[in-house]
Amino acid sequence: MTQKVCLIDGSGYIFRAFYGLPMMTSPSGVPVNAVFGYTNMFLRLTQNIKCDYCLVLFDAKRRNYRNEIFPDYKGTRAEIPEELIPQFPIIREATNALNLNYLEMEGYEADDLIATYARQATEKGMEVVVVSADKDLMQLIRDGVEYYDPMKDKFYGPEDVKEKFGVYPERVVDVQALAGDSIDNVPGVPGIGLKTAAQLINDFGSLEEVLNRASEIKQNKRRETLLANIDNARISLQLVTLKNDVPVEKDITAFSCRAPHLDVLHKFIDDYGFRSLKSRIEKWADERCSALPEDVQNTVFKEVEKHYELVQTEEQLKKWVEKIKQKRLFAFDTETTGFNPVFDKIVGFSLATEESFFCSG
């Protein structure tokens, strides 16, 4: 059976979460709206994608090697909001709490890391799912690589790209180079939008052919503009083309999907005041384990069976008391009917005398 790799645009999640939610603060007063949204997005992801390997990619810094090509790349973007800055390390903490692999590399964008691992995985005969709402990553769609937009809950293929850009994935960068991008401050060719760019690429076959044969274009203004902006178009192509040979240290096979630690997740949501996520966290953890490869899944559940015991008699409880006396260290938690400390009823309790991990609560 073909193995599947899930590559997730973590940086894209962060900004969409921050701008999509009202401001929230943790019990200690730290802004956490982006952290909450980011965590919540991952809780919705498992039910749609089942993978053998999973990796979340982040931008290391705003400036990267593209600024050496074009110093003003992304130069028109506003400064990062003050309320978001302290959330970045907490988002890494959230990723650890979810027990997800993640990576960032100085000098490169998350998109370049995604492109690199997508290439690496397909060369090994694996299937890839790129998870993002960033249109720039649609250039990666091909046999063995699909694109999933979690915001729209939609998988995209080559025909979807053709409908959006007017060209198939392998020519998306040509269209973007001509049209430019005001958000990332990619210059492109002034006056040429996506529709005209797609028409030119379809007529001539590629960006290079458009530039080489610009003198053949009948519309005077379009011809003159292209001839005057050949360098800008070529620079733009370098900016929009994702780098698929980033010198990453680890192979994609180092990022196997891992079982979540429910106790770690509980502590994380308690620390940051995300109690409304508790039931979803437990459901996600259970789904996450079900989505693991069978050999890993079996190992996880065997581990749980080995260490789990349901205590219903006084004699069983006495045995646990003896274990606690011997270990001289234990963890205790109550199980309640809900999340309201005034009205909730205690329906049970749990004890642990050594470290383990769980797949369901």
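Residues numbered from 1 in each chain as written. Predicted model: local features only at pLDDT ≥ 70, side-chain atom pairs only at ≥ 80, totals over all residues. Heavy atoms only, no water.

S.K.: Looking at this model, I keep getting lost on the environment of Leu100. Mind explaining?
M.R.: Within the secondary structure, Leu100 sits in the loop between helix H4 (87-97) and strand E3 (102-103). Sequence separation between Leu100 and Ser256 is 156 residues; the distance between their C-alpha atoms is 9.2 Å. Not counting residues up to four positions away in its chain, the partners in contact with Leu100 are Phe42, Cys54, Val56, Thr95, Arg258 and Arg288. (Helix = DSSP H or I, 4+ residues; strand = E, 2+ residues; numbered from the N terminus. Contact = heavy atoms within 4.5 Å.)

S.K.: So what exactly am I meant to see when it comes to the nonpolar core here?
M.R.: One recurring pattern in soluble globular proteins: nonpolar side chains tend to sit buried together. Leu7, Leu178 and Leu226 are the most contacted members of the largest nonpolar core, which has 60 residues in total. Among the elements that make up this core, the one with the highest residue count is helix H5 (residues 110-123) (seven residues). Setting aside residues no more than four positions away along its own chain, Leu178 makes contact with Gly188, Val189, Ile192, Ala197, Leu200, Ile201, Leu207 and Leu226. One finds Val35, Met41, Val56 and Ile90 within the second-largest nonpolar core, a separate group that totals 42 residues. (Core = buried A, V, L, I, M, F, W, Y, C linked by side-chain atoms within 4.5 Å. Buried < 20%, exposed > 50% of the residue type's maximum accessible area, 1.4 Å probe, protein only.)

S.K.: Is there a simple way to explain the confidence of the model for the protein in this structure?
M.R.: The predicted coordinates of low-pLDDT regions are not to be read in fine detail. Mean pLDDT for the protein: 86, with 85% of residues reaching 70 or above. Here residues 297-308 is a poorly scored stretch, pLDDT under 50, and it has 17 contacts once near neighbours within four places are set aside; other chains count. The low-confidence segment residues 355-361, where pLDDT is below 50, has 22 contacts with residues more than four positions distant or belonging to other chains. (pLDDT = per-residue confidence, 0-100.)

S.K.: Where do I start with the side chain of Asn101 in this structure?
M.R.: Mapped onto the elements of the fold, Asn101 is located in the loop between H4 and E3. A distance of 3.0 Å separates a polar side-chain atom of Asn101 from the backbone oxygen of Cys54. Separated by 3.1 Å, the side chain of Asn101 and the backbone oxygen of Ser256 make a polar contact. With residues near it in sequence (within four places) discarded, Asn101 still touches Cys54, Leu55, Val56, Phe255, Ser256 and Arg258. (Polar contact = N/O pair within 3.5 Å; in protein donor to acceptor, adjacent residues only side chain to side chain.)

S.K.: Before we go on, may I ask you to explain the environment of Thr116 in this structure?
M.R.: When you line up the elements, Thr116 lands in helix H5. The sequence separation of Thr116 and Ile252 amounts to 136 residues, and the corresponding C-alpha distance is 9.7 Å. Not counting the four nearest positions on each side in its chain, Thr116 is found in contact with Lys243, Asn244, Asp245, Val246 and Val248.

S.K.: For this particular structure, what's the right way to read the packing of helix H7 (residues 172-179) against helix H8 (residues 194-204)?
M.R.: Axis angle and axis distance: for two packed helices, these are the angle between their axes and the distance between the axes, and together they describe the pair. Contact geometry of H7 with H8 gives a least axis separation of 8 Å together with a crossing angle of 130 degrees. By the criterion of interaxial angle, the relationship of H7 to H8 is oblique. Every pair of crossing elements has a handedness; the one defined by H7 and H8 is right-handed. Here H7 contributes Asp174, Val175, Leu178 and Ala179 to the contact with H8, which in turn contributes Leu194, Ala197, Ala198, Leu200 and Ile201. Considering only residue class, the contact of H7 with H8 consists of eight nonpolar, no polar and one charged. (Axes fitted to C-alpha atoms, helices over the stretch in contact; angles between N-to-C directions. Parallel < 35°, antiparallel > 145°, perpendicular 65-115°, else oblique. Left-handed = near helix turned anticlockwise from the far one by under 90°. Nonpolar A, V, L, I, M, F, W, Y, C, P; charged D, E, K, R; others polar.)

S.K.: Got a minute to help me understand the pattern of salt bridges in this structure?
M.R.: It is possible for side chains bearing opposite charge to pair when their charged atoms get close. Enumeration over the complete set of coordinates arrives at 17 salt bridges. Between Lys61 and Glu106 there is a salt bridge, and its shortest N-O distance comes to 3.7 Å. Within this pair, whereas Lys61 is found in the loop between strand E2 (53-57) and helix H3 (66-69), its partner Glu106 is found in the loop between E3 and H5, the two being separated by 45 residues in sequence. Given a relative accessible area of 54%, Glu106 falls into the exposed group. One salt bridge in this structure joins Arg234 and Glu208, with 2.5 Å as the shortest N-O distance. In this pair, Arg234 is assigned in helix H11 (residues 230-240) and Glu208 in helix H9 (residues 207-212), connecting sequence segments 26 residues apart. Since its relative accessible area comes to 32%, Arg234 is described here as partly exposed. If you follow the salt bridges from partner to partner, you end up with Arg66, Lys74, Glu109 and Asp112 in one network. (Salt bridge = Lys/Arg side-chain N within 4 Å of Asp/Glu carboxyl O.)

S.K.: Sorry, what's going on with H11 here?
M.R.: Residues separated by three or four positions in an α-helix point in the same direction, a consequence of the helix having 3.6 residues per turn. Among the residues of H11, Ile230, Ala233, Ser236, Leu239 and Val240 are the ones counted as buried. Of the surrounding secondary structure, the elements contacted by the buried residues of H11 are H3, H7, H9 and helix H10 (220-228).

S.K.: Please explain the sheet that holds strand E5 (residues 145-149) as it appears in this structure.
M.R.: Two orientations exist for strands paired in a sheet by backbone hydrogen bonds: parallel and antiparallel. An order of E3-E2-E1-E4-E5-E6 is seen for the six strands of this open sheet, with the pairing classed as mixed. Here the strands that pair on one side only, and so sit at the sheet edges, are E3 and strand E6 (154-156). Pairing of strand E4 (residues 127-131) with E5, which is carried by four bridges, proceeds in the parallel orientation. From the neighbouring strand, Val128 faces E5, where its bridge partner is Val145. This element, H5, spans strand E1 (4-9), E2, E3, E4 and E5 of the sheet and lies at about 175 degrees to E1. (Pairing = 2+ DSSP bridges.)

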